[in-house]
Amino acid sequence: MLNFYKKVAIALVGMLVFSALTGLLCARYTFRHAPLLPHNRSFTPWSVEAVSDELQGGNSHIAIQETHFSLVFDFLLKQGAEFPYTAFALVFAPTGELDRYLNLSPYSHLTFSVQCSRENVLTFALFTVDPQVSDPNDISTYRLPTTFFSCYEQWTTVSIDLTRLETPQWWFSLNSLELSQQGYDLTQVPRFTIGNSFQSPFDVNSEVRIAELTLHGRNWGYLYTYIGLLALCWILFGVWVARLHTKTLIQSLKEKMQKDRPLIAYKQLSLEPQKDREKENILRYMATQYANPELNLDVAISSLAVSRTKINDVLKAELGYTFSAYLNKLRLTEAARLLAEKKHISVAEIAYSVGYRNVPYFNKLFKSEYGCTPKVFKQSYSDDG
């Protein structure tokens, strides 16, 4: 059994290491983190564009100061255009090059740290391809799912839920679509913008700093696959342990049975020159009468016409057992042989055949001797056969 425990311990360590390594791999693919800043660590190429209402004859302007370690830009809102605005755009591919647009569907959130020189409310907007109205060569026809976030003089962390953005009403009016058509597709995103909102102050220079821009996603399919694979592996491990235990137990029982076969001790002694006739008679008597349910020390004394002390001395000196212990040894060893060889005989019948009248008592003695119940012992040999 020591060899069994050693094998199981080694296999268990292997299973734990396998579970840990595959768990780390699963976590890596289940919880995705795709950095965009710093620029040299970005998972995808991008460039920056500054946009403002100057194109529509407005007076607002924006200047980008830094794009490598962080995004830093200054903007100044001024009245003049019908809808004054300034924004910077993180561009993943030029307009019209649909095959190069970024697929954001694996990601659910965009996080970043932000700091403003003055308290402000800014706008975040995605440009997404809408199959009903988008012209690949006209960025103004792209859908603009939008949200807002606050910006303070202290660094704060912002988390944008990319799946819960709202398209502005003016876009639906401009493209003659119903407001109920709120769904948008994240598989083709050419750019996103961060700029002022209608609550941003006018005629005030504002500086915005953005750092640690990162996309986050969860793909639960990897986790479910990992759980299923892990469950299967542990089930197979349990089956292997059970079979190994059964195999080890059977081997151990066979060795024990071979060692403790009924009559073995008597036959070995009977081949030697007999110097003590009483000793031979005692051993022969035990080997031939053990199945008698009436057999006990008093019956043996009466049958052999020897003293109680003589019987116990012979059994103790030759075999290391008392009378009762040796009688149970003979009976249990014969019972084990019958359980292994007689597939269709019940446990109770075998107990009676070797001299036990009380089956629960037989079960208790058998388990103490062989480490399992007669039923399990018999089943193990049936499975092995």
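Residues numbered from 1 in each chain as written. Predicted model: local features only at pLDDT ≥ 70, side-chain atom pairs only at ≥ 80, totals over all residues. Heavy atoms only, no water.

(A) Spatial organisation of the overall build of the chain. When helices and strands are counted, the chain shows 11 helices and 11 strands. At 43 Å, the chain has a C-alpha radius of gyration far larger than the 21 Å of a compact globule built from 385 residues. A principal-axis box enclosing the C-alpha atoms of the chain has dimensions of 130 × 40 × 30 Å. Per-residue burial over the chain gives 42% buried out of 385 residues. Counting contacts in the chain only where the partners sit at least 6 residues apart, residues at least 24 apart contribute 73% of the total. Separation of charge centres in the chain, based on 37 positive and 36 negative side chains, amounts to 22 Å. (Helix = DSSP H or I, 4+ residues; strand = E, 2+ residues; numbered from the N terminus. Rg over C-alpha atoms; globule rule 2.2 N^0.38 Å. Buried < 20%, exposed > 50% of the residue type's maximum accessible area, 1.4 Å probe, protein only. Contact = heavy atoms within 4.5 Å. Lys, Arg positive; Asp, Glu negative; His and termini not counted. Charge placed at Lys NZ, Arg CZ, Asp CG, Glu CD.)

(B) Spatial organisation of the nonpolar core. Ranked by size, the top nonpolar core spans 37 residues in total, and within it L110, F112, F124, L162, I210 and L213 carry the most contacts. Counting only elements with at least two residues in this core, the list comes to β4 (71-76), β5 (86-91), β6 (109-116), β7 (120-127), β8 (146-151), β9 (156-161), β10 (191-196) and β11 (206-218). Residues contacting F112, with those up to four places away along its chain left out, are F149, T156, T157, V158, I160, I194, I210, A211, E212 and L213. Residues A336, L338, F366 and F377 belong to the second largest nonpolar core, which totals 21 residues. (Core = buried A, V, L, I, M, F, W, Y, C linked by side-chain atoms within 4.5 Å.)

(C) Looking closely at the pattern of salt bridges. This model, assessed by the stated rule, comprises 12 salt bridges. R143 serves as the salt-bridge partner of D130, at 2.9 Å between the closest nitrogen and oxygen. Residue D130 is found in the loop between β7 and β8, and its partner R143 is found in the loop between β7 and β8; the two are separated by 13 residues along the sequence. In this structure, D298 and R308 form a salt bridge, with 2.9 Å as the shortest nitrogen-oxygen distance. Taken as a pair, D298 in helix α6 (residues 297-304) and R308 in helix α7 (residues 308-319) lie far apart in primary sequence, 10 residues in all. Owing to a relative accessible area of 43%, R308 belongs among the partly exposed residues under this scheme. In this structure, a network of salt bridges that share partners links the residues E334, R337 and E341. (Salt bridge = Lys/Arg side-chain N within 4 Å of Asp/Glu carboxyl O.)

(D) Here's a closer look at the state of the cysteines. Applying the stated rule across the entire model yields one disulfide. Between the sulfur atoms of C116 and its disulfide partner C151 the distance amounts to 1.7 Å. Because the torsion about its S-S bond is 110°, the bridge between C116 and C151 counts as right-handed. Here C151 lies in strand β8 and C116 lies in strand β6, a separation of 35 residues in the sequence. Neither residue differs from the other here; C116 and C151 are each classed as buried. Here C26 is not disulfide-linked; the sulfur of C233 is the nearest cysteine sulfur, at 13 Å. With relative accessibility at 9%, the residue C26 sits in the buried group. (Disulfide = S-S within 2.5 Å.)

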